[in-house]
Amino acid sequence: MAILEEFRSTDHIDVAGAYNNIGSVYRELGELELAHANHRIALEIYGRVDLPVAHPDVADCIHNLALVLHDREDFNGAKQLY
(Lines give C-alpha, C1' and ligand atoms only; values in the text may rest on other atoms or scores of the structure.)
Protein backbone atom coordinates (compact mmCIF):
# COMPACT_ATOMS: atom_id res chain seq x y z
CA MET A 1 0.00 0.00 0.00
CA ALA A 2 2.82 2.42 0.85
CA ILE A 3 4.40 1.93 -2.56
CA LEU A 4 1.06 2.38 -4.33
CA GLU A 5 0.31 5.56 -2.41
CA GLU A 6 3.76 6.88 -3.32
CA PHE A 7 2.85 6.83 -7.01
CA ARG A 8 -0.89 7.48 -6.83
CA SER A 9 -2.94 10.07 -5.01
CA THR A 10 -4.91 8.83 -2.01
CA ASP A 11 -8.08 9.38 -4.08
CA HIS A 12 -7.06 7.11 -6.95
CA ILE A 13 -9.09 4.13 -8.15
CA ASP A 14 -6.03 1.87 -7.75
CA VAL A 15 -5.72 2.81 -4.07
CA ALA A 16 -9.41 2.06 -3.59
CA GLY A 17 -8.94 -1.32 -5.26
CA ALA A 18 -6.05 -2.10 -2.93
CA TYR A 19 -8.15 -1.27 0.12
CA ASN A 20 -10.93 -3.48 -1.22
CA ASN A 21 -8.48 -6.36 -1.73
CA ILE A 22 -6.95 -5.90 1.72
CA GLY A 23 -10.46 -6.01 3.17
CA SER A 24 -11.03 -9.34 1.46
CA VAL A 25 -7.83 -10.73 2.97
CA TYR A 26 -8.87 -9.59 6.44
CA ARG A 27 -12.26 -11.25 5.92
CA GLU A 28 -10.56 -14.53 5.03
CA LEU A 29 -8.46 -14.21 8.19
CA GLY A 30 -11.63 -13.70 10.24
CA GLU A 31 -10.73 -10.09 11.08
CA LEU A 32 -14.19 -8.79 10.25
CA GLU A 33 -13.81 -5.32 11.78
CA LEU A 34 -10.65 -4.66 9.77
CA ALA A 35 -12.29 -6.10 6.67
CA HIS A 36 -15.29 -3.83 7.12
CA ALA A 37 -13.09 -0.78 7.69
CA ASN A 38 -11.01 -1.40 4.56
CA HIS A 39 -14.04 -2.00 2.35
CA ARG A 40 -15.61 1.22 3.68
CA ILE A 41 -12.44 3.17 2.89
CA ALA A 42 -12.47 1.73 -0.64
CA LEU A 43 -16.12 2.66 -1.10
CA GLU A 44 -15.46 6.21 0.13
CA ILE A 45 -12.59 6.61 -2.35
CA TYR A 46 -14.73 5.27 -5.19
CA GLY A 47 -17.31 7.88 -4.26
CA ARG A 48 -14.74 10.68 -4.27
CA VAL A 49 -13.55 9.74 -7.77
CA ASP A 50 -17.18 9.84 -8.92
CA LEU A 51 -17.52 6.25 -10.07
CA PRO A 52 -21.17 5.40 -10.65
CA VAL A 53 -22.76 2.86 -8.30
CA ALA A 54 -23.20 0.56 -11.30
CA HIS A 55 -19.42 0.49 -11.93
CA PRO A 56 -18.02 -3.06 -11.53
CA ASP A 57 -15.41 -1.96 -8.97
CA VAL A 58 -18.03 -0.27 -6.81
CA ALA A 59 -20.35 -3.26 -7.14
CA ASP A 60 -17.54 -5.59 -6.08
CA CYS A 61 -16.81 -3.45 -3.04
CA ILE A 62 -20.47 -3.36 -2.01
CA HIS A 63 -20.65 -7.13 -2.47
CA ASN A 64 -17.58 -7.56 -0.25
CA LEU A 65 -19.18 -5.37 2.41
CA ALA A 66 -22.29 -7.54 2.23
CA LEU A 67 -20.16 -10.65 2.75
CA VAL A 68 -18.62 -9.11 5.87
CA LEU A 69 -22.04 -8.22 7.25
CA HIS A 70 -23.24 -11.73 6.49
CA ASP A 71 -20.26 -13.18 8.36
CA ARG A 72 -21.10 -10.88 11.30
CA GLU A 73 -24.64 -12.29 11.14
CA ASP A 74 -26.06 -8.88 10.25
CA PHE A 75 -28.37 -10.50 7.73
CA ASN A 76 -30.62 -7.46 7.27
CA GLY A 77 -27.64 -5.23 6.52
CA ALA A 78 -26.20 -7.81 4.13
CA LYS A 79 -29.58 -8.20 2.42
CA GLN A 80 -29.81 -4.45 1.80
CA LEU A 81 -26.41 -4.44 0.14
CA TYR A 82 -27.08 -7.57 -1.90
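None of these values were measured; they are calculated from a predicted model. (Residues numbered from 1 in each chain as written. Predicted model: local features only at pLDDT ≥ 70, side-chain atom pairs only at ≥ 80, totals over all residues. Heavy atoms only, no water.)

Details of the nonpolar core
Val15, Ala16, Tyr19, Ala42, Ile45, Tyr46, Val58, Cys61 and Ile62 form the largest nonpolar core, which has nine residues in total. Counting only elements with at least two residues in this core, the list comes to α2 (13-28), α3 (32-48) and α4 (56-71). In this structure, Val15 is in contact with Met1, Leu4, Glu5, Arg8, Ser9, Thr10 and Ile45, ignoring residues within four places of it in sequence. (Core = buried A, V, L, I, M, F, W, Y, C linked by side-chain atoms within 4.5 Å. Buried < 20%, exposed > 50% of the residue type's maximum accessible area, 1.4 Å probe, protein only. Helix = DSSP H or I, 4+ residues; strand = E, 2+ residues; numbered from the N terminus. Contact = heavy atoms within 4.5 Å.)

Quick look at unusual backbone geometry
Excluding glycine, a negative phi dihedral is what most residues carry, and trans is how most peptide bonds are arranged. The phi dihedral of Asp50 falls on the positive side, at around 60°, and the residue is not glycine. Examined against the element boundaries, Asp50 turns out to sit in the loop between α3 and α4. Judged by its relative accessible area of 65%, Asp50 is exposed.

Here we look at the packing of α2 against α4
In the contact formed by α2 and α4, the axes pass within 11 Å of each other and the chain directions differ by 25°. Taken together, the axis directions place α2 and α4 in an arrangement best described as roughly parallel. Regarding α2 and α4, the two cross each other, and that crossing is left-handed. Within the contact between the two elements, α2 uses Ile13, Asn20, Ser24 and Arg27 and α4 uses Asp57, Asp60, Cys61, Asn64, Leu67, Val68 and Asp71. Along the lines of polarity and charge, the residues of the contact of α2 with α4 split into four nonpolar, three polar and four charged. (Axes fitted to C-alpha atoms, helices over the stretch in contact; angles between N-to-C directions. Parallel < 35°, antiparallel > 145°, perpendicular 65-115°, else oblique. Left-handed = near helix turned anticlockwise from the far one by under 90°. Nonpolar A, V, L, I, M, F, W, Y, C, P; charged D, E, K, R; others polar.)

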